[in-house]
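Secondary and tertiary structure notes
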Amino acid sequence: AQTVTQSQPEMSVQEAETVTLSCTYDTSESDYYLFWYKQPPSRQMILVIRQEAYKQQNATENRFSVNFQKAAKSFSLKISDSQLGDAAMYFCACSTGTASKLTFGTGTRLQVTL
Amino acid sequence: EAGVAQSPRYKIIEKRQSVAFWCNPISGHATLYWYQQILGQGPKLLIQFQNNGVVDDSQLPKDRFSAERLKGVDSTLKIQPAKLEDSAVYLCASSFWGNQKDIQYFGAGTRLSVL
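All of the points below concern the structure found in this document. Each residue is numbered by its place in its chain's sequence as written, counting from 1. Chain letters and ligand numbers both follow the written order, the letters beginning at A and the numbers at 1. Restriction of local features to residues with pLDDT of at least 70 applies here, the model being predicted, together with a cutoff of 80 or more for giving and counting side-chain atom pairs; totals for whole chains, interfaces and linings are based on all residues. The basis for the side-chain values is all heavy atoms of the structure; hydrogens and waters are excluded.

Thoughts on unusual backbone geometry
Working note: non-glycine residues mostly have negative phi, and peptide bonds are mostly trans. A cis amide bond, omega -10°, links Ser7(B) with the succeeding residue Pro8(B). Its place among the elements puts Pro8(B) in the loop between β1 (5–7) and β2 (10–13). Here the bond from Gln80(B) into Pro81(B) is cis, since omega is -5°, no more than 30 degrees from zero. Among the structural elements, Pro81(B) can be located in the loop between β8 (75–79) and β9 (88–95). Positive phi, close to 55°, is recorded for Lys73(A), a residue that is not glycine. Helix and strand assignments come from DSSP, with helices taken as H or I runs of at least 4 residues and strands as E runs of at least 2, each series counted from the N terminus. Looking at the element boundaries, Lys73(A) is found in the loop between β8 (64–69) and β9 (74–79). By relative accessible area, Lys73(A) is classed as partly exposed at 27%. Look at Asp81(A): it is not a glycine, yet its phi comes out positive at around 50°. As for its position among the elements, Asp81(A) is in the loop between β9 and β10 (88–96). Categorising residues by exposure relies on relative accessible area from a 1.4 Å probe, with only protein chains included: less than 20% of the type maximum marks a residue as buried, more than 50% marks it as exposed, and the intermediate range marks it as partly exposed.

Topic: the interface of chain A and chain B
Contact criterion: two residues are considered in contact whenever any of their non-hydrogen atoms come within 4.5 Å of each other. Counting from both sides, the interface comprises 24 residues of chain A and, opposite them, 28 residues of chain B. Summed over both partners, the accessible area (1.4 Å probe) lost when two parts come together is defined as the buried area. Here chain A packs against chain B, burying approximately 2000 Å² in sum over the two surfaces, 48% of which is carbon and sulfur. For chain A, the biggest contributors to the area lost against chain B are Arg43(A), Ser100(A) and Lys101(A); these three give 34% of the whole. One speaks of a salt bridge when a side-chain nitrogen belonging to Lys or Arg is within 4 Å of a carboxyl oxygen belonging to Asp or Glu. Between the two partners, chain A and chain B, sit 0 salt bridges. Any pair of nitrogen or oxygen atoms within 3.5 Å is treated as a polar contact; in protein, a donor-acceptor pairing is required on top of that, and neighbouring residues in sequence qualify only through side-chain atoms on both sides. At the junction of chain A and chain B, the tally comes to 8 residue pairs in polar contact (both at pLDDT 80 or more). Those elements that provide at least two residues to the side of chain A that touches chain B are β5 (32–39), β6 (46–52), β10 and β11 (102–104) of chain A. Broken down by element, the side of chain A that touches chain B gets its largest block of residues, 5 residues, from β5(A). Among the residues forming the side of chain A that touches chain B, the class breakdown is 10 nonpolar, 10 polar and 4 charged. Here the nonpolar group is Ala, Val, Leu, Ile, Met, Phe, Trp, Tyr, Cys and Pro; Asp, Glu, Lys and Arg are the charged ones; every other residue, Gly included, is treated as polar.

A closer look at the packing of aromatic side chains
By convention, a stacked pair of Phe, Tyr or Trp rings (six-membered ring in the case of Trp) has centres within 6.5 Å and planes under 30 degrees apart, an edge-to-face pair has planes over 60 apart, and any other such pair is tilted. Counted by the stated rule, this structure contains 13 aromatic pairs over all chains. With centroids separated by 5.4 Å and ring planes inclined at 80°, the aromatic side chains of Tyr37(A) and Phe106(B) adopt a geometry described as edge-to-face. With Tyr37(A) in strand β5 and Phe106(B) in strand β10 (residues 105–106), this pair bridges two chains. Accessibility assignment for this pair places Tyr37(A) and Phe106(B) in one class, buried. Centre to centre, the rings of Phe21(B) and Tyr90(B) are 5.0 Å apart; their planes meet at 25°, and the pair counts as stacked.

Some details on the sheet that holds strand β7 (residues 65–68) of chain B
All names here are of chain B. Spatially, the 4 strands line up as an open sheet ordered β1-β3-β8-β7, and their pairing is antiparallel. Among the strands making up the open sheet, the edge pair consists of β1 and β7. Between one strand and the next, the sheet's axes are offset by a mean angle of 15°, whatever the strand orientation. In this scheme, strands are said to pair when DSSP sees at least two bridges between them. To obtain an axis, a line is fitted to C-alpha atoms, over the contacting stretch when the element is a helix, and the angle between two such axes runs from 0 to 180 degrees between their N-to-C directions.

Describing the pattern of salt bridges
Close approach of charged atoms allows side chains of opposite charge to pair. For the structure on display, the rule yields 5 salt bridges over all chains. Notably, a salt bridge pairs Asp86(A) with Arg63(A), separated by 2.8 Å at the nearest N-O pair. Taken together, the residues span a long stretch of sequence, with Asp86(A) in the loop between β9 and β10 and Arg63(A) in the loop between β7 (60–61) and β8 at a distance of 23 residues. Note on accessibility: Asp86(A) and Arg63(A) belong to one class, buried. In this structure, the salt-bridge partner of Asp57(B) is Lys62(B), at a minimum N-O distance of 3.7 Å. Since its relative accessible area comes to 52%, Lys62(B) is described here as exposed.

If you want it as structure tokens, here you go:
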């Protein structure tokens, strides 16, 4: 079984600044995928970014990028040029094995201030 | 393309009553998931369907929860009888293949309050 840990319950960033959200995970599988999902107050989970464990190159999607440290089992999310619309809960998640079940962390609430 | 549809958005019931939630996945998606998200926690998988067959229901409290996806399209999750600790958001998600690299697309969820 895998576990996902997010140690920052809340984070705050000023508009246009950069913020990094932390995530660590643990799995005995060698082939797995890592995800960051955003959950705004509307409750709908939206995929932010996905990382394949066997790829060394860090995934990037516009202002969002990850720092994937496989040996340390760390998967942090960096948001550049933060915008008010980035305010939400952010969940780190992992899927392994032949099934696609996602194991989620407890989330980090991101506040964006003017 | 239309997203994952869920209804109702909110439901308030008293303990020991029954409740049902409905989900219609994205057209063409073979895999459907039901997650329970308790306040302050991440979502936890309750059950996963591949077409109309169950792939994983290991965390479904089968004494009170049931789910079906009879025609391999939409799905219903039922709780009978409800307990106070069932108060949560119930999220439905779907994906195309159901393998580990699949992106899961989520609905807006149903917020259940059990009084």
